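Here are the chains, one letter per residue:
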Amino acid sequence: MKQDIRVLEQRGSGYIKLRFFYAILRFNLAADESCIIQSRTRVQNSIARVDFILVQHILKTRSWNMVHLLKQIGVFVLIILLSSQVYAATEQAYQAKFIQAQLAKGYTRDQIDAFLKPAKKNALVLKTIRRPWEAQPWYKYYPIFLTEKRIQAGVTFWKKHQKAIEKAEKEFQVDAEFIVSIIGVETFYGRNMGSFNTRDALYSLGFYYPPRSKLFLAELGSFMDLVEKEKLDPAQVKGSYAGAMGYGQFISSSYLHYAVDFNADGKRDLYQPVDAIGSVANYLKQHHWKWHAPVVYPAQIKNEKDVQNMLWKKEKPTMTVQGWSKYGVALDKENLKHVAAQDRALLFKLNQNKTENYWLGLNNFYVITRYNHSQLYAMAVYKLSQSIKQAYLKSLP
């Protein structure tokens, strides 16, 4: 017991302070707010250890001369208080940045304060952002979306909104099955549009998630713009943990730039399926979708080691199909008939548990990744679109 006390007296305070200030350094470098949470947990665990040793020592020796040890406990408490101050200072810094950006747009300080005041930090939002579905390998990811239930729901949605989908396909020159598929992947045709208050979600991520605070502060600003422009009640708007809204799960900036009033009722409402259909089609068109063009084909690789450093890293494709052939990447003869030698393509691979398959994604594949920058997402949209189209055509009289 005495040894434990000596260790606490000699190392406890210094060790915990070292861990704490290391966490503060990481926090200031905007690595991840979880580092402070972890350090706070370590401090709290240390306090619990001190309390346990203190009680045992008092009971065993009946000695009340513990002034030095109590000083050490005071240091631990002070550290916890300091960590709370760091949180407050960081929140104030982000708030100042947000206010400055909105003032530059022409808002008054009173308008900004009125918008921010009801916003609340949502712990579940911060937890969920750290485990996105796109972090899963392909063999675990695709079964979520490629189900018979979702395929049939897609066919039902297509038939119910056939006129709007046909109009969107012709007006925006975007293949119907991809419009239907994206809405299916995003929200299961309106069944899962999200239950998080959008303002709270963006406020939480912008103010309390340093790795992507820049993006979400901008989206919070865009949401304020959207509220003003579309006359929305921010207390009533709900969506995903990342602030995406409606059938097509548009983030605020996309809502502002790509949403259309497709049912001509005088407002752009992405919680209304017809407006969502037109808006998804418009989004794909604005990102240079090519009507009736191929999307993705399996690739044959001569030597996998030669292409590992050339796999897609979310950049715009620059290599042509002909260029890939020089590195031993080729399409089979049948698929090659549907592409031009100068068509640009990106190379990616999918983990099939025990094997890996390579694919060449063409222009339209890249366009889908503008909706969600994940090859898994784009591939799920493609696969679902083909299954829905086949089932839809089969269901026609």
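Residues numbered from 1 in each chain as written. Predicted model: local features only at pLDDT ≥ 70, side-chain atom pairs only at ≥ 80, totals over all residues. Heavy atoms only, no water.

Draft legend 1. Representation of the side chain of Gln249 within the structure. Mapped onto the elements, Gln249 comes out in the loop between strand E2 (238-239) and helix H12 (252-258). For Gln249, a relative accessible area of 11% gives the class buried. A distance of 3.3 Å separates a polar side-chain atom of Gln249 from the backbone oxygen of Met193. The residues contacting Gln249, other than those within four sequence positions of it, are Glu186, Thr187, Met193, Ser240 and Ala244. (Helix = DSSP H or I, 4+ residues; strand = E, 2+ residues; numbered from the N terminus. Buried < 20%, exposed > 50% of the residue type's maximum accessible area, 1.4 Å probe, protein only. Polar contact = N/O pair within 3.5 Å; in protein donor to acceptor, adjacent residues only side chain to side chain. Contact = heavy atoms within 4.5 Å.)

Draft legend 2. Up close: the pairing of strand E6 (residues 346-351). Pairing geometry for E6 and strand E7 (residues 356-361), over six bridges, is antiparallel. From the neighbouring strand, Leu346 faces E7, where its bridge partner is Gly361. Hairpin connection between E6 and E7: a loop of four residues separates the two successive antiparallel strands, and Asn353 in this loop has a positive phi of roughly 75 degrees. (Pairing = 2+ DSSP bridges.)

Draft legend 3. Spatial organisation of the packing of aromatic side chains. Summed over the entire model, instances satisfying the criterion amount to 18 aromatic pairs. Seen from their ring centres, Tyr141 and Phe145 are 5.1 Å apart, and the 55 degrees between their planes marks the pair as tilted. With Tyr141 and Phe145 both in helix H6 (residues 138-145), this residue pair falls four residues apart, about one helical turn. The pair formed by Tyr141 and Phe145 is uniform in burial state, with each residue classed as buried. Each ring, one from Trp158 and one from Tyr392, has its centre 4.0 Å from the other, and the planes form 5 degrees; the classification is stacked. With Trp158 in helix H7 (residues 148-160) and Tyr392 in helix H17 (residues 375-395), this pair connects stretches of sequence that are 234 residues apart. Trp158 gets classed as buried once you look at its relative accessible area, which sits at 7%. (Phe/Tyr/Trp six-rings, centres within 6.5 Å; stacked < 30°, edge-to-face > 60°.)

Draft legend 4. Geometry of the pattern of salt bridges. Counted under the stated rule, the structure contains six salt bridges. Across the pair Glu230 and Arg268 runs a salt bridge whose closest N-O atoms are separated by 2.8 Å. Taken together, the residues span a long stretch of sequence, with Glu230 in helix H11 (residues 213-230) and Arg268 in the loop between H12 and helix H13 (273-286) at a distance of 38 residues. Of the two residues, Glu230 and Arg268, neither departs from the other in class, the shared state being buried. As a salt-bridge pair, Lys349 and Glu356 come within 3.4 Å of each other at their nearest N and O atoms. A relative accessible area of 23% places Lys349 in the partly exposed class. Using a relative accessible area of 38% as the deciding quantity, one classes Glu356 as partly exposed. (Salt bridge = Lys/Arg side-chain N within 4 Å of Asp/Glu carboxyl O.)

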